[in-house]
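# Residue-level structure breakdown
Residue-level listing of the chains:
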Amino acid sequence: MPRPDVDIAILGGGCAGLSVAVRLAAAGRSLRVVEPRAAYSEDRAWSFWRTAPDPFEECVRTSWTTWDVTGPGGPVRRSSRHLRYQTVGAGAFYDRAQALLDDASGAELSLGTAAQEVARTAQGWRIDTGTGPFTARHVIDTRPPKRAPGYGQFFLGREIRTERPVFDPDVVQLMQFRPARSAGVDFVYILPYARDRALVEVTSFAPRSPGRDVFETWLTEEIDALEAGHHDVLREEHGALPMQVGFHDPAPEGCIRMGLGGGAARPSTGYAFARIQRQADRVTRALVTGSDVPGTLDGPFSRFMDRVFLQVIQTMPDRGPALFESLFRNTASDRLEHFLSGSIHPVDRLSVMTSLPTVPFLRAALRPA
């Protein structure tokens, strides 16, 4: 009986695919990553509160200890002596992952190669690609979701360098809420790298994107309002993240699903990078030890909390800015940030629950949509 070509086939070489690949390669597993892009670029930045180590810590571009949210009641500033809000640039991430895979024996990254058909065989899996088929004992599918979520985070951002120094490089402006341009909750996000350089992003939590034209006009107005003089656009990023409890793309039985199509984005926030690292740790541990691959990252109570919160902001989007402001204004220091990063500690959960108005959330809990 012929042996498979590799232990593990990884479909998609984005954040999730490369995150699990470098861990499996370090564990000595033979693998092949197939990625349709012919080359990587600085196409995005991932930001999160760091609560655990991962193989990409040297890729952190900037860290902050202070962040703001501005809602109907004015600005709320939070800071931490223990947590850092960090951003990882895609270019550094891709370079680091490729270097780690190049140094590993039995690991291959095939750029410009797309998986076409994936079929179960007696020995494992057969993966057909544009450059020919290969076989693997296991398959991890990290490709983007094929279906649109019922609710999501949609965004358009530009990293700019300005003529005048208009940014505070010590404070991330997480959410500056604006009058709705979508059918949901709209805000501006500013990630400052220097006094004259920042990522400025317009974002909608909504059942559908308001569209490129709306985002273009809105983003231009926000940059103009900075009164920063001439500015250069250094790069642009855009995307859509699912914000839906239980969001998973269908996959063949036995295929391991990871990334956005595997429930990596936190349903109530859209944060994904740190959760992808947790997914990668769990999948690697299971494949190395021969144990069952864990399912969802979220337990029943976390899913319940996310469902209730999402139901409130979906059915009452006009209250969304005030609710987010309440979270950041009333939750104890570090507790909210730990919760948003995936903590299931009872004190973190209780602190979040008691920071919000009771009536709308009790109604949503008792009357699921």
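Provided above is the structure to which this section pertains.
Everything numeric in this text was worked out from a predicted model, so none of it was measured.

## As for helix H4 (residues 273-289)
In an α-helix, one turn spans 3.6 residues, which is why side chains three or four residues apart end up on the same side. The end-to-end C-alpha separation of H4 is 24 Å, in line with the 24 Å expected for 17 residues at 1.5 Å each. Residues of H4 that are buried: Phe273, Arg275, Ile276, Gln277, Gln279, Ala280, Val283, Thr284, Ala286 and Leu287. Looking at the residues trailing H4, positive phi occurs at Gly290, about 80°.

## Describing the pattern of salt bridges
Considering all chains together, one arrives at 29 salt bridges under this definition. Here Arg96 and Glu58 are joined by a salt bridge, their closest N and O atoms 3.6 Å apart. Here Arg96, found in helix H2 (residues 90-103), pairs with Glu58, found in the loop between strand E3 (45-49) and strand E4 (60-64); they are 38 residues apart in sequence, far enough to count as distant. Among the salt bridges present, the one from Glu236 reaches Arg212, with a minimum N-O distance of 2.6 Å.

## Side note on the packing of aromatic side chains
In total, this model carries 22 aromatic pairs according to the counting rule given. With a centroid separation of 5.1 Å and an interplanar angle of 80°, the aromatic rings of Phe187 and Phe205 are classed as edge-to-face. Highlighted residues: Phe187 in strand E14 (residues 185-194) and Phe205 in strand E15 (residues 197-206), separated in sequence by 18 residues. A single burial state applies to Phe187 and to Phe205, both of which are buried. Directly above the aromatic system of Tyr193 lies the positively charged group of Arg61, at a separation of 3.6 Å from the ring centroid.

## Observations regarding the sheet that holds E3
Read across the open sheet, the 3 strands follow the order E3-E7-E4; overall the sheet is antiparallel. Strands with a single pairing partner mark the edges of an open sheet, and in this sheet they are E3 and E4. Each strand of the sheet is rotated relative to its neighbour by a mean of 20°, with strand direction disregarded. Here E4 pairs with strand E7 (residues 85-89) via 4 bridges, running antiparallel. From the neighbouring strand, Val60 faces E7, where its bridge partner is Val88. Seen against the sheet, H2 touches E3 and E7 and runs at an angle of roughly 65° to E7.

## Comments concerning the side chain of Arg235
Its location among the elements puts Arg235 in strand E16 (residues 231-242). Within polar-contact distance, the side chain of Arg235 engages the side chain of Glu159 at 2.9 Å. Once residues lying within four places of it in the same chain are set aside, the contact partners of Arg235 are Glu42, Asp43, Arg44, Ala45, Gly157, Arg158, Glu159, Tyr193 and Leu199.

So, how was this worked out
Residues numbered from 1 in each chain as written. Predicted model: local features only at pLDDT ≥ 70, side-chain atom pairs only at ≥ 80, totals over all residues. Heavy atoms only, no water. Helix = DSSP H or I, 4+ residues; strand = E, 2+ residues; numbered from the N terminus. Expected span 1.5 Å × (residues − 1). Buried < 20%, exposed > 50% of the residue type's maximum accessible area, 1.4 Å probe, protein only. Salt bridge = Lys/Arg side-chain N within 4 Å of Asp/Glu carboxyl O. Phe/Tyr/Trp six-rings, centres within 6.5 Å; stacked < 30°, edge-to-face > 60°. Lys NZ or Arg CZ within 6 Å of the ring centre and 35° of its normal. Pairing = 2+ DSSP bridges. Axes fitted to C-alpha atoms, helices over the stretch in contact; angles between N-to-C directions. Contact = heavy atoms within 4.5 Å. Polar contact = N/O pair within 3.5 Å; in protein donor to acceptor, adjacent residues only side chain to side chain.

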